[in-house]
Structure formats: structure tokens, C-alpha cells
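Here is what each chain is made of, one letter per residue.
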Amino acid sequence: MEISKQRVVTDIKNIKDSQMEDKQWQSLLQLGNESFHQQEWSQAELFYSEAYNLLALSYHNHPMCTETLMAWICACHNLSALYESTNHLELSLKFLTVPHEYLLSIANSKSAEEDAKVTAFNGLRLTLSPILMFAKKHPICENCLENFTSLKGLLKQHAAVIH
């Protein structure tokens, strides 16, 4: 009975901590968006970076939480848009490729759970399009572009099989 009470208290604390984390990253992304639209680049970078760090930590603590993973990808894409707007193209591309490469490593992992692989595979669709759009506007390595393009074809093939 004592262990059960302790477990319930721990579960409630984890839920409260998770809800607090959700509110924090959501607020940070919202503040970052407001700063971005007002072209307050330093402020936007600060807010987006804090959200990125908070989401990375939260995802590390809850690796099966799809919402946190998608929010982390969003933070990466926001940072990419910020760096593209300020003409820091290498950083912009980095924040597009980091989540993409992370998801690709999970999708190809031999040790990852099947649910995690499916989530990663589905997430690749969200990360690939912005990279290809970036490549249309800004030159990237031909080999990299070829890899991304071939992956796009592979994703389309698998989507047809899944549906």
C-alpha cells in the first residue's frame, strides 16, 4: 500500500512537471514568434533557443512523446527560419538537418522500438520538405541534395505501401 501511494505521488509530480514544461516551451515559442515578426532577431533567437533546449531535455526524459518530438522539430525549423532571415545560411541549414538526421538515425536503428521507428519515419516527411525548399533557394552540396531527393522518393514509395 505504501509503495502504491508513493507511486501515485510520483506520477502526479511527473504529470505536473510535464504540464509545466509544456507551458514553458509553448510560451517561449510564442514569444519567439512575436519577436521574429517584429524582426527583433536577438530576442527571437533567445526564445527559440530556450524552447529548443527545454524540448530536447523533455524529449530525452519522455522519448515516446510524439508531441514533444514534433514541438522540438518546430523549434528547430523556427531557428532555421530566423537564421535564414538574418543570412546565416549555414546555421539555417543546420537546424533543418539536425532533426532530420536524428529521425533518420532512429528509423534506421536496429535497437529502437518499432513504435519509435514508425514515429521517426513519419517525422521524416516533416523534416525533408523544408530541406528541399531551402535547397531550391540556396545552394547546398550536390551529394547532400541527391541523398535528400532519393529519400523523398523512398518516403513516397513507403507511403503508398502503408496506405
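Keep in mind the model is a prediction, meaning the values are calculated, not measured.

(A) How the structure looks around the confidence of the model for the protein. Chain-level pLDDT for the protein is 80 on average; 73% of the residues reach the 70-or-more range. For the protein, per-element mean pLDDT is lowest for helix 6 (residues 142-162), which scores 51, and highest for helix 3 (residues 66-85), which scores 95. Note that pLDDT drops below 50 for residues 7-16; the model gives that stretch zero contacts with residues more than four away or on any other chain.

(B) Main features of the pattern of salt bridges. Applying the stated criterion across every chain yields a total of one salt bridge. Between E84 and K137 there is a salt bridge, with its nearest N and O atoms 3.0 Å apart. Taken as a pair, E84 in helix 3 and K137 in helix 5 (residues 114-137) lie far apart in primary sequence, 53 residues in all.

(C) Summary view of helix 3. Here helix 3 is 20 residues long and its end C-alpha atoms lie 28 Å apart, about the 28 Å a rise of 1.5 Å per residue gives. Within two residues after helix 3, N87 carries a phi angle of roughly 65°, on the positive side.

(D) Region of interest: the packing of aromatic side chains. Here the structure, examined in full by the defined rule, presents six aromatic pairs. On the numbers, 5.6 Å between centres and 85° between planes, the contact of Y52 with F95 is edge-to-face. Placement of Y52 in helix 2 (residues 41-61) and of F95 in helix 4 (residues 89-108) is noted, with a sequence separation of 43 residues between them. Each of the two residues, Y52 as well as F95, counts as buried. Chaining the aromatic ring pairs together yields one cluster made of Y52, Y59, W72, Y83, F95 and Y102.

(E) Fine view of empty space enclosed by the protein. Per the stated rule, a full pass over the model turns up one cavity of 30 Å³ or more. Looking at the largest cavity, its volume works out to about 60 Å³. Lining the largest cavity are Y59, P63, M64, C65, T66, L69, I106, A116, T119 and A120. Those elements giving two or more residues to the lining of the largest cavity turn out to be helix 3 and helix 5.

About the thresholds
Residues numbered from 1 in each chain as written. Predicted model: local features only at pLDDT ≥ 70, side-chain atom pairs only at ≥ 80, totals over all residues. Heavy atoms only, no water. pLDDT = per-residue confidence, 0-100. Helix = DSSP H or I, 4+ residues; strand = E, 2+ residues; numbered from the N terminus. Contact = heavy atoms within 4.5 Å. Salt bridge = Lys/Arg side-chain N within 4 Å of Asp/Glu carboxyl O. Expected span 1.5 Å × (residues − 1). Phe/Tyr/Trp six-rings, centres within 6.5 Å; stacked < 30°, edge-to-face > 60°. Buried < 20%, exposed > 50% of the residue type's maximum accessible area, 1.4 Å probe, protein only. 1 Å grid on protein atoms, 1.4 Å probe; cavity = no way out; pocket = protein on both sides within 12 Å on 5 of 7 lines; lining within 4 Å. Points joined across faces, edges and corners; volume = space filled by probe spheres on them.

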